[in-house]
Amino acid sequence: MVAILTTAFTLACVGVFLLLYVNLRAAAGWLQDDIKIMVYLDERLASDSVAEVEQHLRADRAVASLLFISKEQALGEFKAQFPSESHLLDGLGQNPLPASFVVALNPSFRSVDAIKRWAERVRQIAGVSKVDYNQDWIDALATVIRSIELVAIGIGVILSAAAVTIIANTIRLTLFARRDEIAILRLIGATTIFIRVPYLMEGAVLGALGSTLSLVMLKFMYELFRQQMRTTGRFAGLDNLIAFFPPSVCLALVAVGMGLGVAGSFVSIRRFGEAKA
Amino acid sequence: MALLEQAPKMIQLIHVSKQYDQRLALSDVTFEIGKGEFVLLMGPSGAGKSTLLRMLIGAERPDEGQIFVHQKNVTALKSSDVPYLRRKVGTVFQDFRLLPKKSVFDNVALPLLVQGISPADIRRKVTEALRAVGVEHKRDQLPAALSTGEQQRVCIARAIVNGPVVLLADEPTGNLDPALTSEIIELFKLINARGTTVVVATHDPLVMAQVNRRVLTLSQGRLLPEQRVLG
């Protein structure tokens, strides 16, 4: 029982980081979804050439949606956004703003590298003068995600090792308590597998129960956190955005716990020694 | 020796030696035991009897020499094959080595259980073994509720429940009084009469007098010239 609880607490710590990671990753995903790429066109591009560029972009499987903004629309938008500065453009006599396409990419092309590659490629298309997206922002986001990933992996590895050690010690105690029985079993012709299987199963059950309990604890903490957010009224709306693990991940975590349990008992059995008879 | 040469060999030791640190446990021991023989392995404590019995079930390996049991070269046996040798060799211990939390029935059933024998066959064979040693009526009791003589009988039942080709007993009467010793020796004779080769290691002269068969004597790890008492 103590072993299950300690394993549960250890795995719950891993779970907290995993949950944090999953949610931050999701948040990063939404932010990345919002990234629009501006494809500016040459100043004096004929309308059939514009149509060619559009066709080119539409045929691109990376492109999810496309919106054409003509020079006039760009000017209109500028004036609407910066009414006090509109006289600056009036003074120029002609509209200096280029026509452009606002492009949203398909989810599988939204990674930093994919966006970079895509922008490079589109820059080569005749009639395109410039491809613009907020590179600094995307790079910063990628760095944050990578850092969280590294921390999550590091903590996961350390705490998983702790879980293996806890289970290994529990199994070692059981093995020690049953050393006479094991010696007798060996003497009467039990195979190594016959002797090992019950202890491996015990490790698997300990690991599975520990990880299930850790998920229950996490879910409880998660609900408490959401409740807290709702009642305090801070971060309004954010409580609906944070999510718990989907069932498939929960099952995978129980399986991981089971695996750690089996690993723990395997370590103990190996240390306990092969032939005690 | 004529009888020995006729019988197929069940146990064969060829120049077997074993040393623990600086102490010589066995030195150049060579002998053969034929199928169906009843042999006493005599010698004082520390003479190497237990080491020799442990070697016969692959629990120890000699430093030199070879050991054959039931035509299997035990010295060359892979550790994964050792359990299968032990299923053919029943072992009886001085301290019985019964599992205290299991009933008499469950203790005797253990060698069958590890082989994956069906529950019906286990019931039948355990009942037969318990009947053969005369403790069938104690089948549901825990070992602690039995007398020492009964515990040794249960240990013997566990050793024979598999129908082994060889029965090894290490000081089986060490904890028993003379009357119980006689009973246990009679039981071994009965098992031997059914065709099982029996090797009993003992330092008890009373056992030698009662068994009255071939005697191998070890002294400080060496085998002394053989005495044969024909009953």
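Residues numbered from 1 in each chain as written. Chains lettered and ligands numbered in written order. Predicted model: local features only at pLDDT ≥ 70, side-chain atom pairs only at ≥ 80, totals over all residues.

**Q** How would you sum up the overall build of chain B? Please name residues and give values.
**A** A count of helical and extended segments in chain B gives 8 helices and 11 strands. By the compact-globule yardstick of 17 Å for 231 residues, chain B fits well, its C-alpha radius of gyration being 17 Å. Scored against the burial criterion, the 231 residues of chain B give a buried share of 45%. (Helix = DSSP H or I, 4+ residues; strand = E, 2+ residues; numbered from the N terminus. Rg over C-alpha atoms; globule rule 2.2 N^0.38 Å. Buried ≥ 20, exposed ≤ 12 C-beta atoms within 10 Å, placed from the backbone.)

**Q** Which residues make up the nonpolar core, and what values go with them?
**A** In this structure, Leu41, Leu56 and Ala157 of chain B are the most contacted members of the largest nonpolar core, which totals 100 residues. In this structure, Leu56 of chain B is in contact with Ile11, Ile67, Val69, Val74, Val89 and Leu168 of chain B, ignoring residues within four places of it in sequence. Of all hydrophobic cores here, the second largest spans 10 residues; its members include Ile37, Val39, Val63 and Trp118 of chain A. (Core = buried A, V, L, I, M, F, W, Y, C linked by C-beta atoms within 7 Å. Contact = placed C-beta atoms within 7 Å.)

**Q** Go over the sheet that holds strand S5 (residues 72-73) of chain B with me, naming the residues and quoting the values.
**A** What holds strands together in a sheet is hydrogen bonding between their backbones, with the strands either parallel or antiparallel. Residues and elements named next belong to chain B. Read from one edge of the open sheet, 4 strands run S2-S1-S4-S5, paired in antiparallel fashion. Since the sheet does not close on itself, it has two edges, and those belong to strand S2 (23-34) and S5, each with one partner. By the bridge criterion, 2 bridges tie strand S4 (residues 64-69) to S5 in an arrangement that is antiparallel. Bridge pairing in S5 links Val69 to Lys72. (Pairing = 2+ DSSP bridges.)

**Q** Help me get a handle on the pairing of S4 of chain B, residues and values and all.
**A** All names here are of chain B. Where strand S1 (residues 9-20) lies against S4, 5 bridges are found, and the strand directions are antiparallel. Opposite Gln12, over in S4, you have Phe68 as the bridge partner. Between the end of S4 and the start of S5, which pair antiparallel, lie 2 residues, with His70 showing a positive phi angle near 50 degrees.

**Q** Tell me about helix H5 (residues 119-133) of chain B, and name the residues and values.
**A** All names here are of chain B. Taking 1.5 Å per residue, 15 residues should reach 21 Å; H5 reaches 21 Å between its end C-alpha atoms and fits that length. Within H5 the residues assigned to the buried category are Ile122, Lys125, Val126, Ala129, Leu130 and Val133. Down the axis, H5 shows its buried residues gathered within 135 degrees of arc, on one side only. In H5, the exposed positions that point more than 90 degrees away from the buried face belong to Ala120 and Asp121. (Expected span 1.5 Å × (residues − 1). Arc of directions from axis to C-beta.)

**Q** A description of the packing of helix H4 (residues 104-113) of chain B against H5 of chain B should follow, citing residues and the corresponding values.
**A** Residue and element names in this part refer to chain B. It is at 9 Å that the axes of H4 and H5 come closest, and there the two elements cross at 125 degrees. Comparing the axis directions of H4 and H5 gives the class oblique. Of the two possible hands of crossing, H4 and H5 adopt the one that is right-handed. For the pair formed by H4 and H5, the contact residues are Phe105, Val108, Ala109, Leu112 and Leu113 on the first element and Ile122, Lys125, Val126, Ala129 and Leu130 on the second. Here the residues of the contact of H4 with H5 sort into 9 nonpolar, no polar and 1 charged. (Axes fitted to C-alpha atoms, helices over the stretch in contact; angles between N-to-C directions. Parallel < 35°, antiparallel > 145°, perpendicular 65-115°, else oblique. Left-handed = near helix turned anticlockwise from the far one by under 90°. Nonpolar A, V, L, I, M, F, W, Y, C, P; charged D, E, K, R; others polar.)

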